Amino acid sequence: MIRVLVSPAPIDVAEELAAAEAAGAGAVATFTGLVRADEHADGTVAVLELEHYPGGTERALEKLAAEATARWSLAAATIVHRVGPMRPGERIVFVAAAAPHRDAALDACAFLIDRLKTDAPFWKRETRGSSASWVEARDADDAAAARWGN
Amino acid sequence: MRILYFAWVREGVGTGEEEVDLPATVTTVAALIDWLATRSPAHAAAFAEPARLRAAVDQEFGPLDASVVGAAEVAIFPPVTGG
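Residues numbered from 1 in each chain as written. Chains lettered and ligands numbered in written order. Predicted model: local features only at pLDDT ≥ 70, side-chain atom pairs only at ≥ 80, totals over all residues. Heavy atoms only, no water.

K.L.:
Can you break down the side chain of T81 of chain B residue by residue, with the values?
P.N.:
Counting through the fold element by element, T81 of chain B comes out in the segment after β5 (73-77). Among the polar contacts listed, one links the side chain of T81 of chain B to the backbone nitrogen of K124 of chain A, at a separation of 2.8 Å. Among residues more than four places away in sequence, those in contact with T81 of chain B are F122, W123, K124, V135, E136 and A137 of chain A. (Helix = DSSP H or I, 4+ residues; strand = E, 2+ residues; numbered from the N terminus. Polar contact = N/O pair within 3.5 Å; in protein donor to acceptor, adjacent residues only side chain to side chain. Contact = heavy atoms within 4.5 Å.)

As structure tokens, this is what we get:
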């Protein structure tokens, strides 16, 4: 089962987890990403806005989920990403991997979130006080994605 | 050909989407970016540093030397920052 959802609605983790568990595998690993309230000299993030490439984003995520499913023989691969404005503490992304055993589920889950960060067209824009700026890509994210190979 | 822009590239160019008739001499993403830069000062400013740009041809991510021949849609955008 591959489930990909890009939506401005809040992410319902319980519902997504239940769907992944219903795939019938022995292990489900999940990752939840939250909007951070980073501390900067110029103030904390008040609003984070996520822009995406409608159509292109879903296609990239489906490709990623299919790659993980083939590589780890997953029973379920779930990627849910929120877009639009959100506030610190809110869920921005949820991924789940269901596999026969824990090592495959954990590796596949890490693969999905690492590669999502470099391969899926999303862009973050932060608002701090009265100023807004686009978040710069991080070299560390490229390195994390690269450890999974091509 | 449909050209899409996202994030600060979209803001710099001043639109998220435009239709262009590409000269036959423009065959790669890099050449397309050079050609688009001639459309207006805003385009030129947004495309001033090609190393900061990424692209997708018909929704497939690719390098700047990827072919655009026969493509229906090319998206140009900054490095991605999701997750």
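Picking up where we left off.
K.L.:
I'd love a proper account of the sheet that holds strand β5 (residues 84-86) of chain A, names of residues and values included.
P.N.:
Residue and element names in this part refer to chain A. Spatially, four strands are ordered β5-β3-β7-β8 in an open sheet, and the strand pairing comes out antiparallel. Of all strands in the sheet, those with a lone pairing partner are β5 and β8 (131-134), marking the two edges. Strand after strand, the sheet turns through a mean of 25° between neighbouring axes, direction not considered. Note that strand β3 (residues 47-52) and β5 share three bridges and pair antiparallel. Among the inter-strand pairings, L48 is bridged to a residue of β5, identified as M86. (Pairing = 2+ DSSP bridges. Axes fitted to C-alpha atoms, helices over the stretch in contact; angles between N-to-C directions.)

K.L.:
Give me the lowdown on unusual backbone geometry, citing residues and values where you can.
P.N.:
One can expect most non-glycine residues to show negative phi and most peptide bonds to be in trans. All names here are of chain B. The phi torsion at A7 lies on the positive side, around 55°, for a residue other than glycine. Structurally, the position occupied by A7 is in helix α1 (residues 7-13). The backbone of D58 shows a phi angle near 50°, a positive value even though the residue is not glycine. Secondary-structure assignment places D58 in the loop between β3 (54-57) and β4 (60-62).

K.L.:
Go over the sheet that holds strand β6 (residues 91-99) of chain A with me, naming the residues and quoting the values.
P.N.:
Residue and element names in this part refer to chain A. Taken together, the four strands give an open sheet; going across it, the order is β1-β4-β6-β2, and neighbouring strands pair in mixed fashion. Edge positions in the sheet fall to β1 (2-7) and β2 (27-34), since each has one partner strand and no second. Strand-to-strand twist in this sheet, taken as the mean axis angle between neighbours without regard to direction, amounts to 5°. Two elements, β1 and strand β4 (residues 76-82), share six bridges in a ladder whose sense is parallel. Looking across to β4, one finds that L5 is bridged to V80. Sheet strands in contact with helix α1 (residues 13-21) are β1, β2, β4 and β6, and its direction is about 15° off that of β6. Along the sheet face, helix α3 (residues 102-119) touches β2, β4 and β6 and points at about 145° away from the line of β6.

K.L.:
An account of the pairing of β8 of chain A is requested, with residue identities and associated values reported.
P.N.:
Residues and elements named next belong to chain A. Judged from the four bridges that link them, strand β7 (residues 122-128) and β8 form a sheet pairing that is antiparallel. Bridge pairing in β8 places T127 opposite A132. Counting the residues between successive antiparallel strands, the hairpin from β7 to β8 contains two residues, one of them, G129, with a positive phi of roughly 60°.

K.L.:
Can you break down the side chain of S7 of chain A residue by residue, with the values?
P.N.:
All names here are of chain A. Relative to the helices and strands, S7 is located in strand β1. Judged by its relative accessible area of 16%, S7 falls in the buried class. For S7, the side chain forms a polar contact with the main-chain nitrogen of A9, separated by 2.9 Å. If we ignore the near neighbours within four places in the chain, the residues touching S7 are H81, R82 and V83. (Buried < 20%, exposed > 50% of the residue type's maximum accessible area, 1.4 Å probe, protein only.)

K.L.:
Which residues make up helix α2 (residues 56-72) of chain A, and what values do they have?
P.N.:
Residues and elements named next belong to chain A. With 17 residues, α2 extends 25 Å from end C-alpha to end C-alpha; this agrees with the ideal 24 Å at 1.5 Å per step. Every buried residue of α2 is listed here: G56, T57, A60, L61, L64, A65, A68 and W72. Contacts from the buried residues of α2 go to β1, β3, β4, β6, α3 and β7. Phi turns positive one or two residues past the end of α2, at S73, with a value near 50°. (Expected span 1.5 Å × (residues − 1).)

K.L.:
Can you tell me about the nonpolar core, naming the residues and giving the values?
P.N.:
Counting 34 residues, the largest nonpolar core has L61, W72, L74, I79, V95, L112 and L116 of chain A as the members making the most contacts within it. Of the residues forming this core, the biggest block, eight residues, is contributed by α3 of chain A. Apart from the residues within four sequence positions on either side, L112 of chain A is in contact with L64, A65, A68, I79, V95, A96 and A97 of chain A. Counting 32 residues, the second largest nonpolar core, distinct from the first, contains M1, F6, V9 and V57 of chain B. (Core = buried A, V, L, I, M, F, W, Y, C linked by side-chain atoms within 4.5 Å.)

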